[in-house]
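# Observations on the three-dimensional arrangement
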Amino acid sequence: EQFLRAVLGFVIGGLFAVRRIVSERDRAELQRTLAVTRKAAAEKLVDFMLSDLRRRLTAIGRADLLTGMGTEVRRYYDQLASSPERMPEEDVDRMAAALAIIALSEGQAGGLDAALATWSEAKDHLARSLTRSPKGPSAFSRRRSLARAELELGYLSQQRGKLEEAGDKYREALRQLGELLGE
């Protein structure tokens, strides 16, 4: 009888433990789903602000208003990049596109130094991504974006009167584009 009580106690304790484990698993899955939903909503909002809103502001000659958004967009992607897992390549692509739009807006607003820093940041992210995944499905697009960043950096160097530096950037962009055309 004492053995039966011990077994019954073990079974009841095991049931409670399993129930708690299942409950915690379900709660974790709900939190994961919520995080994925929030990330998708945030990306949709960023995409809207940086595409549709840019188009509308450009049409009225006020693309410079997007420059203030750059800080928040950077903060969003910095948070993604600081996650324990590496930022997925599609997020790198989206971030580089967002930084390109911000850099163009900064340049239109007359902030050449800010635009230079933003294009450099986009270039660095793209280069690191290509180092990690040189032959991935989006590598061609990433390499094209990298060449564009180099071209824009050349243009900004030229605007700042640094013609030798601009020439180097233009030549590097041409080299990168030539490699893409050869593929």
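The present account deals with the structure reproduced in this document.

## Focus: the overall build of the protein
Looking only at helices and strands, the protein features seven helices and zero strands. The helix and strand sequence of the protein, counted from the amino end, reads α-α-α-α-α-α-α. Computed over C-alpha atoms, the radius of gyration of the protein comes to 25 Å, more than 25% over the 16 Å expected from 2.2 N^0.38 for 183 residues, which places it beyond the range of a compact globule. Principal axes of the C-alpha set define a box for the protein whose edges measure 95 × 40 × 25 Å. Looking at the protein as a whole, 31% of its 183 residues qualify as buried. Contacts in the protein between residues far apart in sequence, at least 24 positions, make up 57% of those at least 6 positions apart. Looking at the protein as shown, the accessible area adds up to about 12,000 Å², and 59% of this sits on carbon and sulfur atoms. Side chains of the protein carry 30 positive and 27 negative charges; the gap between the two charge centres is 3 Å.

## Here's the deal with the packing of helix α4 (residues 89-108) against helix α6 (residues 139-159)
Contact pair α4 / α6: the axes reach a minimum separation of 11 Å and the direction vectors enclose 25°. Judged by the inter-axis angle, α4 sits roughly parallel to α6. Of the two possible hands of crossing, α4 and α6 adopt the one that is left-handed. Only Arg-142, Arg-148 and Glu-152 of α6 make contact with α4, whose side of the interface consists of Glu-89, Asp-93, Ala-100 and Leu-104. Among the residues making up the contact of α4 with α6, the classes are represented as two nonpolar, no polar and five charged.

## Details of the nonpolar core
Core analysis: the largest hydrophobic core is formed by 16 residues, its most contacted members being Leu-66, Val-73, Tyr-76, Tyr-77, Leu-80, Met-87 and Met-95. For this core, the elements supplying multiple residues, two or more each, are α3 (69-81) and α4. For this core, the element with the most residues is α4, which contributes six residues. Sequence-distant contacts of Leu-80, that is, excluding residues within four places in its chain, are made with Lys-39, Glu-43, Met-87 and Asp-91. With eight residues, the next largest nonpolar core counts Ala-115, Trp-119, Ala-149 and Leu-153 among its residues.

## Here's the deal with the packing of α4 against helix α5 (residues 112-132)
One way to put it is that α4 packs onto α5 with a least axis distance of 8 Å and a crossing angle of 165°. Comparing their axes, α5 and α4 come out roughly antiparallel. Handedness of the crossing formed by α4 with α5: left-handed. Residues Glu-89, Val-92, Met-95, Ala-96, Leu-99, Ala-100, Ile-102, Ala-103, Leu-104, Glu-106 and Gly-107 of α4 pack against Ala-114, Ala-115, Thr-118, Trp-119, Glu-121, Ala-122, His-125, Leu-126, Ser-129 and Arg-132 of α5.

## Some details on a nonpolar patch on the surface
A cluster of nonpolar side chains, contributed by Phe-3, Leu-4, Val-7, Phe-10, Val-11 and Leu-15, occupies part of the molecular surface with about 690 Å² of accessible area. Note on Phe-10: relative accessible area 67%, which makes it exposed.

## Regarding the pattern of salt bridges
Applying the stated rule across the entire model yields twelve salt bridges. Of the charged contacts, one joins Glu-150 and Lys-123 as a salt bridge, the two residues approaching to 2.9 Å between their closest N and O atoms. Here Glu-150 is found in helix α6, whereas its partner Lys-123 is found in helix α5, with 27 residues between them in sequence. Relative accessible area serves as the criterion here: at 4%, Glu-150 is assigned to the buried category. Close ionic contact of Lys-169 with Glu-150 constitutes a salt bridge, the shortest N to O distance being 3.6 Å. On the criterion of sequence distance, the pair formed by Lys-169 in helix α7 (residues 163-182) and Glu-150 in helix α6 is long-range, its members being 19 residues apart. The network of salt bridges with shared partners includes Arg-143, Glu-172, Arg-175 and Glu-179.

## So, the environment of Arg-128
You can see Arg-128 is positioned in helix α5. On the basis of relative accessible area, Arg-128 is assigned to the partly exposed category, the value being 43%. Taking the C-alpha atoms as reference points, Arg-128 and Val-92, 36 residues apart in sequence, are found 9.6 Å from one another.

Criteria and cut-off values
Residues numbered from 1 in each chain as written. Predicted model: local features only at pLDDT ≥ 70, side-chain atom pairs only at ≥ 80, totals over all residues. Heavy atoms only, no water. Helix = DSSP H or I, 4+ residues; strand = E, 2+ residues; numbered from the N terminus. Rg over C-alpha atoms; globule rule 2.2 N^0.38 Å. Buried < 20%, exposed > 50% of the residue type's maximum accessible area, 1.4 Å probe, protein only. Contact = heavy atoms within 4.5 Å. Areas by Shrake-Rupley, 256 points an atom, 1.4 Å probe, with all protein chains shown as cover. Lys, Arg positive; Asp, Glu negative; His and termini not counted. Charge placed at Lys NZ, Arg CZ, Asp CG, Glu CD. Axes fitted to C-alpha atoms, helices over the stretch in contact; angles between N-to-C directions. Parallel < 35°, antiparallel > 145°, perpendicular 65-115°, else oblique. Left-handed = near helix turned anticlockwise from the far one by under 90°. Nonpolar A, V, L, I, M, F, W, Y, C, P; charged D, E, K, R; others polar. Core = buried A, V, L, I, M, F, W, Y, C linked by side-chain atoms within 4.5 Å. Patch = residues over 30% accessible without salt bridge, like charges linked within 9 Å, V, L, I, M, F, W, Y side chains within 5 Å. Salt bridge = Lys/Arg side-chain N within 4 Å of Asp/Glu carboxyl O.

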